[in-house]
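Survey of secondary and tertiary structure
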Amino acid sequence: MLLLNSTECTIMESLAKYRFLTTSQFQVLTGGKSLSYLRQLLRSLKKDRQYVKSFRVTLTSHVRAEDTFYLTPAGADFVNSNKSFGLVTAPQSGKVQIVRDYQHRNASIDCFIHAHMHMEQCGIHVAEFVTYYDHVGSTKGNTLQSKAQLLLNDGRRVIPDGIFVIEKDSKTKLLLVEMFCDDSRNLQRVLQSIATHAKVLAQGVASKKYGVQDNAIVLCAFYHEKTLESIVNRLRENERFASISPYFFFASLPDIKVDFGKAWRDIHGKPLIFQ
């Protein structure tokens, strides 16, 4: 087995947890290591050890996104040989298709990273973490489905972007995370998503699935500040949302990156207390 240094181990562990990561996200996860050093390590992990692969998305004819890295089967085998990482698999498809989803997935992972960092700083244990892009089953058998999938009583599927089961002081909480990259033209789509999550809470399907006694808390993160403001204003005026509003909290992605723990507010400005 080839030995890795501590930063390389962090890279591999991070890919096992988040599945897809850019160089700038590795910089956050490694405590600010230089980009040139990280690129050097990633080249070695990709070309010499063949533990990772990468792809690049062209956003426009003039703008190319950062390289996105993910584990190869050999990389997953290496991770699985180290019991501290836990069991992981490489992405099932040899060709990763996330062109349309690039901005949303990248922003979601930013939110997940800062959530984990906050939990660790506060001594909160993350008992379970799943994302919408983690799957079980197979495409050949037509059994492929997201691990984050929830079923409403009428059989409809709801797939939150991320699900956290967190524990501290013998208390367990369930967090459903939604990342909205919509601009002001798609407010109705955002409102419909929030309404669907309200049904998830009303029916208790998430709490039942994860064995959590209390109702879930929905964290709505926004890429665009103006969209956040518009949505909160509309929900504040919606009488039907009032009864379930204490379970919904809102934050902008820039605020999440500055301080995840202090970023969240309900529609009346009340902060979310994670402890």
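In what follows, the structure referred to is the one given above.
Below, the structure is looked at part by part.

Our focus in this paragraph is the sheet that holds strand 12 (residues 248-252). On the basis of which strands lie adjacent, the open sheet formed by five strands has the order 4-9-10-11-12 and mixed pairing. The open sheet has two edge strands, strand 4 (125-131) and strand 12, and neither has a second partner. Strand-to-strand twist in this sheet, taken as the mean axis angle between neighbours without regard to direction, amounts to 20°. The sheet contact formed by strand 10 (residues 171-180) and strand 11 (residues 217-222) spans six bridges and is parallel.

On the surface, a cluster of positive charge is contributed by Arg39, Arg43, Lys46 and Lys47. As for its position among the elements, Lys46 is in helix 3 (residues 35-48). Take Lys46: its relative accessible area is 33%, and that puts it in the partly exposed class.

Next up on the list: unusual backbone geometry. Not every positive phi belongs to a glycine, and Arg19 is a case in point at roughly 80°. One can find Arg19 in the loop between helix 1 (6-18) and strand 1 (21-22). Classification of Arg19 as buried rests on a relative accessible area of 15%. Although it is not a glycine, Gln50 sits at a positive phi angle of roughly 60°.

This paragraph deals with the nonpolar core. The biggest cluster of nonpolar side chains holds 56 residues, and the ones touching the most others in it are Met12, Leu219, Ile256, Phe260 and Trp264. Among the elements that take part in this core, helix 5 (residues 102-121) stands out by supplying eight residues, more than any other. Leave out the neighbours within four places in its chain, and Phe260 touches Cys111, His114, Ala115, His118, Met119, Leu219, Asp255 and Phe274. Membership of the second largest hydrophobic core comes to 34 residues, among which are Val165, Phe180, Ile194 and Val218.

Among the residues of helix 4 (residues 73-81), Gly75, Ala76, Phe78 and Val79 are the ones counted as buried. Projection of helix 4 onto a plane perpendicular to its axis shows the buried side chains occupying an angular sector of 160°, all on one side. Turned more than 90 degrees away from the buried face of helix 4 sit Pro73 and Asp77, all of them exposed. Contact partners of the buried residues in helix 4: helix 1 and strand 3 (68-71).

This next bit is on the side chain of Thr30. Counting through the fold element by element, Thr30 comes out in the loop between helix 2 (23-29) and helix 3. Residue Thr30 is classed as buried on the basis of its relative accessible area of 14%. A distance of 2.8 Å separates a polar atom in the side chain of Thr30 from the backbone oxygen of Phe26.

So, how was this worked out
- Residues numbered from 1 in each chain as written.
- Predicted model: local features only at pLDDT ≥ 70, side-chain atom pairs only at ≥ 80, totals over all residues.
- Heavy atoms only, no water.
- Pairing = 2+ DSSP bridges.
- Helix = DSSP H or I, 4+ residues; strand = E, 2+ residues; numbered from the N terminus.
- Axes fitted to C-alpha atoms, helices over the stretch in contact; angles between N-to-C directions.
- Patch = residues over 30% accessible without salt bridge, like charges linked within 9 Å, V, L, I, M, F, W, Y side chains within 5 Å.
- Areas by Shrake-Rupley, 256 points an atom, 1.4 Å probe, with all protein chains shown as cover.
- Salt bridge = Lys/Arg side-chain N within 4 Å of Asp/Glu carboxyl O.
- Lys, Arg positive; Asp, Glu negative; His and termini not counted.
- Charge placed at Lys NZ, Arg CZ, Asp CG, Glu CD.
- Buried < 20%, exposed > 50% of the residue type's maximum accessible area, 1.4 Å probe, protein only.
- Core = buried A, V, L, I, M, F, W, Y, C linked by side-chain atoms within 4.5 Å.
- Contact = heavy atoms within 4.5 Å.
- Arc of directions from axis to C-beta.
- Polar contact = N/O pair within 3.5 Å; in protein donor to acceptor, adjacent residues only side chain to side chain.

Geometry only, nothing functional implied.
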